[in-house]
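# Breakdown of the fold
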Amino acid sequence: MNFISRLFSKSPSDLLAKGDRYMESDSFFDARTCYEDGLKLCSSMENGGALKADFAERIDTANRSLAERNLHEAEYAYSRGDAARAIDHLELVKTLTANPVLLEKAERLLLDFSQPDSDHDEQSDISACASCAGFSGSECADNSRSDDSLPPLEYYDLLIQQLPTDQYQRYAGLGDDFAYAYIAASRDEHHEALAGFENCFETLPHDIYWYEKGKVLHRLGNDHEAELHLRKAIQLNSTNPLAWITLALVLRESNRFQDSLTAIETMVAERIMPEQALLLRADIFEATGDHEGAVNQYIELLQTSYAHAAAEKLYEVLIEIGRQSDAAVILKKYLNKSCH
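Every residue gets a number counted from 1 within its own chain, in the order that chain's sequence is written. Under the rules for a predicted model, residues below a pLDDT of 70 receive no local features and side-chain atom pairs below 80 are neither given nor counted, while totals for whole chains, interfaces and linings still include all residues. No hydrogens and no water enter the side-chain calculation; it runs on all heavy atoms of the structure.

Simply put, an axis is a line fit to the C-alpha atoms, just over the touching stretch for a helix, and the angle between two N-to-C directions goes from 0 to 180 degrees. Secondary structure is summarised from DSSP: a helix means a run of H or I of at least four residues, a strand means a run of E of at least two, and numbering begins at the N terminus for each. Relative orientation of the contacting elements helix H12 (residues 223–236) and helix H13 (residues 241–253) amounts to 155°, with a least axis distance of 9 Å. Viewed along their axes, H12 and H13 adopt a mutual orientation that is roughly antiparallel. Handedness of the crossing formed by H12 with H13: left-handed. Counted together, Asp 223, Glu 227, Leu 230, Arg 231, Ala 233 and Ile 234 of H12 and Ala 243, Trp 244, Thr 246, Leu 247, Val 250 and Leu 251 of H13 form the full contact between these two elements. Residues that form the contact of H12 with H13 fall into these classes: eight nonpolar, one polar and three charged. An angle below 35 degrees is read as roughly parallel, one above 145 as roughly antiparallel, one from 65 to 115 as roughly perpendicular, and any other as oblique. Two helices crossing with the near one rotated counterclockwise from the far one by less than a right angle form a left-handed crossing, whereas a clockwise rotation gives a right-handed crossing. Any two residues whose heavy atoms approach within 4.5 Å at even a single point are treated as in contact. Each residue is assigned to one of three groups, with Ala, Val, Leu, Ile, Met, Phe, Trp, Tyr, Cys and Pro labelled nonpolar, Asp, Glu, Lys and Arg labelled charged, and all others, Gly among them, labelled polar.

We now examine H13. Taking 1.5 Å as the rise per residue, H13 with 13 residues should run 18 Å; its terminal C-alpha atoms sit 18 Å apart, in good agreement. Relative accessible area decides the class of each residue, using a 1.4 Å probe on protein chains only: under 20% of the type maximum gives buried, over 50% gives exposed, and in between gives partly exposed. When you tally the buried positions in H13, you get twelve out of 13 residues, the bulk of the element. Here H13 has its buried residues at Pro 241, Leu 242, Ala 243, Trp 244, Ile 245, Thr 246, Leu 247, Ala 248, Leu 249, Val 250, Leu 251 and Arg 252. Against helix H1 (12–24), helix H8 (165–171), helix H11 (206–219), H12, helix H14 (257–269) and helix H15 (274–287) lie the buried residues of H13. Under this definition, polar contacts are N or O atom pairs within 3.5 Å; protein pairs additionally need one hydrogen-donor-capable and one acceptor-capable atom, and for neighbouring residues in sequence, both atoms have to be side-chain atoms. Two or three places before Leu 242, at the start of H13, stands the capping residue Asn 240, its side-chain oxygen 2.9 Å from that residue's backbone nitrogen. Once H13 ends, the next one or two residues include Asn 255, with phi positive near 65°. Multiplying 1.5 Å by the residue count of a helix minus one yields the expected span of that helix.

Nonpolar cores are built from buried Ala, Val, Leu, Ile, Met, Phe, Trp, Tyr and Cys residues. Side-chain atoms within 4.5 Å join them into one set. Tyr 35, Leu 90, Tyr 156, Tyr 171, Phe 178, Tyr 182 and Phe 197 are the most contacted members of the largest nonpolar core, which totals 75 residues. Per-element accounting of this core gives the leading share, nine residues, to H13. Not counting chain neighbours up to four residues away, the residues in contact with Tyr 156 comprise Tyr 171, Phe 178, Ala 179, Tyr 182 and Ile 183. Counting 20 residues, the second-largest nonpolar core is a separate cluster that includes Leu 301, Leu 314, Val 317 and Leu 318.

Written as structure tokens, this is what we have:
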């Protein structure tokens with residue numbers, strides 16, 4: 001679905017941890033999917049109630065992050081002169097979050113972007129069907145807008161907007177057949193996706209072909225073949241960040257920590273998604289019991305754009321190793337919360 005494939009999970013705690021890793025890599029859509037699956041799983045288990053609140057809170061966080069991304073995309077689209085797309089992003093913000101700050105900003109930008117170039121009729125359509133901005137009335141049955149309600153190519157565009165900018169530009173021009181295969185993969189229609197990618201082999205950049213097949217094979221539980229495909233993608237294009245980060249995650253999920261760290265070290269050295277790689281390295285330190293290594297790595301990331309994600313993980317580790325006073329500082333300074 002996103003640039004990191006949805007990882008297999010059998011327990012709510014697995015889904016929670018994997019969703020958290022998606023959040024750390026800014027893969028908010030996949031994170032939300034993990035959390036929603038975890039919440040459903042909790043509801044079906046007698047002892048699953050303890051995690052329900054955690055899943056609900058994280059779903060809100062993922063939706064808020066998606067809303068923030070759509071605000072940025074709206075401003076970018078408007079700066080390019082595409083007011084209709086900007087308005088579409090802003091209306092999506094309103095369906096994702098109840099955060100008053102984000103909603104206020106979305107409403108303010110809607111007012112700014114809706115004038116003066118839009119005629120009265122167009123603005124009336126937007127007001128009458130705010131959640132369907134950018135669509136005709138015949139395409140809107142009600143005022144709710146879900147991912148499934150989007151036209152397929154619009155949905156594809158929403159999915160690939162979560163990719164790094166250079167990869168978004170590559171994926172935006174791969175054609176309709178690839179888009180449908182990509183959507184099938186996002187919905188865990190594994191065999192349909194694989195068949196679709198096979199049909200696109202002659203027209204796709206081959207590193208993308210091997211990478212996308214590797215993701216699907218991983219979802220099917222065939223990690224050996226997935227690893228071979230991901231390494232083939234890297235062999236064909238050693239700068240493909242999606243193949244690198246997914247390979248590192250597949251290895252980590254297989255508990256091949258040292259192999260994952262080897263991939264991570266290459267990413268850091270070559271400046272390939274270095275901050276995401278460092279987050280994953282800290283996660284591996286934590287998983288292998290090297291709490292001090294994890295703490296030091298998370299502290300280093302507090303000076304980057306991933307400060308919030310690092311602070312959340314750092315807070316948890318500090319609590320686990322009994323450094324409550326340090327954890328309280330992180331909570332107040334980076335997470336804007338107070339201890340009571």
